[in-house]
Amino acid sequence: MAVDSFYVTTPIYYVNDVPHIGHAYTTVAADVIARYKRVTGKKVYFLTGTDEHGQKVERTAREQGEDPQQLADRVVERFKELWQKLNISNDDFIRTTDPRHKKTVQTFFQKVFDNGDIYLGDYEGLYCVPCETFWTETQAPDRNCPDCERPTEVVKEKSYFFRMSKYQDRLLKHIEENPDFINPVGRRNEIISFVKSGLRDLSISRTTFEWGIKVPADPGHIIYVWFDALVNYISALGYENGEGEKFEGFWPADVHLIGKDILRFHAVYWPTFLMSAGLPVPKKIFGHGWWTVEGKKMSKSLANVVEPNRLIDEYGVDPLRYFLLREVPFGLDGDFSHQAFIHRVNSDLANDLGNLFNRALTMVDRYCDSEIPPPAAEEGPDQALKEKALQTFGEVDELMEQLAFDRALKSIWELIGAVNKYIDETSPWALAKKEGDKERLGTVLYNTAEAMRMVTLLVNPFIPQSAEKMWAQLGMEGKPDQQTLSEAGRWGLLPAGIRVNPGEQIFPRIDENRAREISVKVEKEMVDTKGQELISFEEFQKMDLRVGIIKSAEKVEKAKKLLKLRVDIGTEERTLVAGMAQCYEPEDMVNRKVVVVVNLEPATIRGIESQGMILAAGDEDNIILVTMAGDIEPGAKVR
Ligand code: ME8
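As the structure is a computational prediction, the values presented were derived from the model and not from experiment.

**Student:** Describe the pairing of strand 12 (residues 255–259), listing the residues and the values that go with them.
**Tutor:** Burial within strand 12 is extensive, with five of its five residues counted as buried. Burial along strand 12 is two-sided: Val255, Leu257 and Gly259 and His256 and Ile258, pointing in opposite directions, are all buried. Here two bridges tie strand 1 (residues 5–14) to strand 12, and the two strands are oriented parallel to one another. Counted as the bridge partner of Val8 is Val255 from strand 12. Relative to strand 13 (residues 285–288), strand 12 runs parallel, the two sharing four bridges. For Ile258, the partnering residue across the bridge sits in strand 13 and is Gly287. With helix 10 (residues 263–277) bridging strand 12 and the parallel strand 13, this β-α-β connection has right-handed handedness.

See below:
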C-alpha cells in the first residue's frame, strides 16, 4: 500500500430506514477525516454506501407492498441527497446490489471455500431479523435478542458454516499486538473478552428467504447478509478483478468508522474472513458512541427520530456538522437536545468565530480602505499570537490522528480566543486615532487577518462551506481545500495589499425565541404521535381505499356544512355525505379525483344514506381534500 494513501469508510446503511442523525454522525465524522487527510497531502479514498440485501429489507419491502429492489432504489436516493446536502465528499458510493459487489462477494466466498474454511452443516438456533444476527439458546435464554431485546425467531435449516473458531488465537494475538487496531480502548477490551470466551463457527448462508447473493456453487443458499455487507470495503476497490491498482493502493483500510452497535461484526467476523482469504486486515476499527434524543433512545415508535434535513433547512449545514463533532467526545455516547444545539451554535460559531470575522474585517475596511496592510516590526503580543497559531497546527494534527474531534475543535477555538484577546489588547480603534500609530495599526491588523487565515485552514475540514466564505471574505484566491497544510500553514503568507470582502454574517445568531418555538413544535409532534397504538400492515389492509371521481355535488338543505355527493368508484356510483360545505362550493368539487373509503359501514345523515367517506385533511374550518396528483382511473386501489 502506498504510504501517501488513506482509505476511510463508513458502515453501509440499511435501506429499510431513511437516514437520521445517527447515520449523519458517522458520515460527517468520516468526511472530516477525509477532508483533513486530503489537506495534509494524502491521496484519500472515502467510501460510503448502502446495505440492501437480507431478511430485514425483504420484509420491510413486503410490508410496504414493494419489491426489495424498488425499496432500495427509492431509499438510496434519500441517503445520496442527504450526503450532498451535508457536503459529504465521498469518492465512491457502493450499493450491495451493484454487479461489481455481487461478483466480489461470490469470488471472496469461493476463495474462503477453496481454502477449506467453509463446510455444509445444519443450523439450529435463534435469529434476530432487525439485527440480522444469529444467537444460541444459551446466549438468549429468554429468546429475546441480547442486543436489541426484541423477540428472535427459531431457525432450523441447512447452512454453510465458516470456520471462525480456527482463527481465534490468531485474531487475539493480532488485537493484543496492535493496540490501535480496535479503538477506543474500552471497546478493544470488550472484544478481547469476547474472543477469549471462545469463537464458534459462524453460519454464513440461509435457505429460507430469497433477497441476497447466491452461494456460487449452491444457488439454493443465500449468503448471510453480514458476510455480503462486510465485503463492500474491498469490492469498492475493484477486488473482483484480482488485486488491481486501486486495491493495492488503498488496502488495508486505514480506518473503518462504525457505531458501537456493529463492533463485533467488524472486529471479529471481518478480520477472520480476511485472514482466511489471505488478505491483510484493516489498520483501525473505531467504534463511536450512540446519540440519544432529549435523553431518550431514538426510535420510530417514539417518533423522536431527529431528521437531519429539518435541522439543515432551519439552521444551515455547518452548525449541524460542528455540533455533532464538538459536543461529544468521539467514542462516548451523547444526547441531542435542541437547547444544547442552539447554545453551542450561538456561543462558538456566532459569538466567537463569527464576531471575530465581523469586527476584524470591519476594521480593515474602515481603517485601511479594505486593503490588508503590510506588517512592520513585531512588538508586544505579536510573537505570542504567531506561536499560538503555529502550535495549534501541531496540536490539531496530533488530535486528529487520535480522532479526538472535540479536542481538536477546542484547540482551534483556543486560537480564536487568542485572536480576539489580541485585538482587545492591541486596541486597533485607539491606534487608528493617531497618525503616528498608523504603522503599528497596520501590523496589528495584518497579524489578526493572518491568524484568521490560519483559523480558516484549520476549521475547513469541519465546516467547509463556511470556510470557503471566510477565505473569500479575507480576499484570498482559490479555496481553502485546495491548500496543503504544510505549505499554507506557515506564518506570513497572507499577501499584503489584497482586498477584503466583508459581507454577509457567516454565522448568524439563532434567535432563541424562534428556536424555542421550533423545539416546542417538534416536541408537540412527538407527543401527538407518542403513545399512539400502532397498527399492523394487515390491519391497515382491511381498509379498502379507492380512487373516486366526483360526478355531482349539492348542498344539503338546512345543514350549513353538509354536501351530498355522487361519486364514481369504478365499479358503481355511490352517494356520500361530506361535512365540507364551509370550505368548498359544490361546483368546485365536481370532477375532482378523491380517495374514498369504500368499505365503511353506511350511515344515515339528515335522512341520506352515506355509502362511504372521502378523505380530507385539516380541522373543521380549513378542510383540504386529498386528491390524486397524477392521471389515474376511478376504482384504482390506494395503498
Ligand atoms: O448496521 N447514534 O446499518 P444501519 C449514533 N448495514 N450512530 C448511529 C445511531 C445513533 N443513534 N443510529 C445509527 C448497519 N447510527 C449495517 C452495517 S457495514 C458493513 C453494515 C450509525 O443502517 C452507526 O454508525 O443499522 C451505526 O453503526 C450505523 O448507523 C448502523 O446503520
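Having seen it, we continue.
**Student:** Tell me about the pairing of strand 20 (residues 593–597), residues and numbers included.
**Tutor:** Within strand 20, four of the five residues are buried, leaving the element largely enclosed by the surrounding structure. Note: strand 17 (residues 545–555) against strand 20, five bridges, orientation antiparallel. When the sheet's bridge partners are listed, Leu545 is paired in strand 20 with Val597. Of the pairings in the sheet, the one linking strand 20 to strand 23 (residues 613–614) comprises two bridges and is antiparallel in character. Looking at strand 23, one finds that Val596 is bridged to Ile614.

**Student:** Go over the environment of Pro319, please, and point to the residues and values.
**Tutor:** Counting through the fold element by element, Pro319 comes out in helix 12 (residues 317–327). Between the C-alpha atoms of Pro319 and Arg344, which are 25 residues apart in sequence, the distance is 8.7 Å. The contacts of Pro319, once residues within four sequence positions are left out, are Phe341, Val345 and Leu349.

**Student:** Could you give an account of the site of the ligand, with specific residues and numbers?
**Tutor:** Contacts to the ligand come from 23 residues, most closely from Ile12, Tyr14, Thr26, Asp51 and Trp291. Residue Gly22 places a main-chain N or O atom 3.4 Å away from a nitrogen atom belonging to the ligand. When the ligand is considered free in solution it has 680 Å² of accessible area, and contact with the protein chains removes 94% of it. Those elements that provide at least two residues to the shell around the ligand are strand 1, helix 1 (21–39), helix 7 (225–230) and helix 8 (232–235). Considering each element in turn, the shell around the ligand owes the most residues, four residues, to strand 1. A class-by-class count of the residues in the shell around the ligand yields 12 nonpolar, nine polar and two charged.

**Student:** Give me the lowdown on the pattern of salt bridges, citing residues and values where you can.
**Tutor:** Throughout the structure, instances matching the rule amount to 40 salt bridges. Close ionic contact of Glu176 with Lys196 constitutes a salt bridge, the shortest N to O distance being 3.9 Å. One end of the pair, Glu176, is in helix 5 (residues 168–177); the other, Lys196, is in helix 6 (residues 185–196), with 20 residues separating them in the sequence. Note on Glu176: relative accessible area 41%, which makes it partly exposed. Take Lys196: its relative accessible area is 52%, and that puts it in the exposed class. Put simply, Asp631 and Lys593 hold a salt bridge, and the shortest N to O gap is 3.5 Å. Highlighted residues: Asp631 in the segment after strand 25 (624–625) and Lys593 in strand 20, separated in sequence by 38 residues.

**Student:** Explain helix 10 to me, using residue names and the numbers behind them.
**Tutor:** Given a rise of 1.5 Å per residue, 15 residues ought to cover 21 Å, and the 21 Å separating the end C-alpha atoms of helix 10 matches this to within 8%. A maximum bend of about 25° is found in helix 10 at Tyr269, where proline Pro271 lies one to four positions downstream. Of all 15 residues in helix 10, 15 are buried, a share of seventy percent or more. The first or second residue beyond helix 10 is Gly278, which carries a positive phi of 75°.

**Student:** Report on the nonpolar core, specifying residues and quantitative values.
**Tutor:** Inside soluble globular proteins, nonpolar side chains tend to come together where they are buried. Judged by nonpolar contacts, the single largest core of 112 residues is most densely connected at Leu86, Phe405, Ile412 and Phe462. The contact partners of Phe405, leaving out residues within four places of it in the chain, are Ala29, Val32, Ile33, Leu325, Phe330, Met400 and Phe462. One finds Tyr14, Ala236, Phe247 and Phe250 within the second-largest nonpolar core, a separate group that totals 66 residues.

**Student:** How would you summarise the side chain of Ser159 if you had to cite specific residues and measurements?
**Tutor:** Of note, Ser159 is situated in strand 6 (residues 153–162). Classification of Ser159 as buried rests on a relative accessible area of 0%. Polar contacts involving the side chain of Ser159 include one to the side chain of Ser203, which spans 2.8 Å. A polar contact of 3.0 Å, which involves the side chain of Ser159, links it to the backbone oxygen of Ser205.

**Student:** Tell me what's going on with the packing of helix 5 against helix 6, and back it up with residues and numbers.
**Tutor:** Taken N-terminus to C-terminus, the directions of helix 5 and helix 6 make an angle of 160°; their axes are 10 Å apart at the nearest point. When the axes of helix 5 and helix 6 are compared, the pair comes out roughly antiparallel. Considering how the two elements wind past one another, helix 5 and helix 6 form a crossing that is left-handed. Taken together, the residues of helix 6 that come into contact with helix 5 (itself represented by Gln168, Leu171, Leu172, Ile175 and Glu176) are Arg188, Ile191, Ile192, Val195 and Lys196. Tallied by class, the residues present in the contact of helix 5 with helix 6 amount to six nonpolar, one polar and three charged.

Analysis parameters
- Residues numbered from 1 in each chain as written.
- Predicted model: local features only at pLDDT ≥ 70, side-chain atom pairs only at ≥ 80, totals over all residues.
- Heavy atoms only, no water.
- Buried < 20%, exposed > 50% of the residue type's maximum accessible area, 1.4 Å probe, protein only.
- Helix = DSSP H or I, 4+ residues; strand = E, 2+ residues; numbered from the N terminus.
- Pairing = 2+ DSSP bridges.
- Right-handed = clockwise from strand over helix to strand, strands pointing away.
- Contact = heavy atoms within 4.5 Å.
- Near = heavy atom within 4 Å.
- Polar contact = N/O pair within 3.5 Å; in protein donor to acceptor, adjacent residues only side chain to side chain.
- Areas by Shrake-Rupley, 256 points an atom, 1.4 Å probe, with all protein chains shown as cover.
- Nonpolar A, V, L, I, M, F, W, Y, C, P; charged D, E, K, R; others polar.
- Salt bridge = Lys/Arg side-chain N within 4 Å of Asp/Glu carboxyl O.
- Expected span 1.5 Å × (residues − 1).
- Bend = angle between axes of the 7 residues up to and from the residue.
- Core = buried A, V, L, I, M, F, W, Y, C linked by side-chain atoms within 4.5 Å.
- Axes fitted to C-alpha atoms, helices over the stretch in contact; angles between N-to-C directions.
- Parallel < 35°, antiparallel > 145°, perpendicular 65-115°, else oblique.
- Left-handed = near helix turned anticlockwise from the far one by under 90°.

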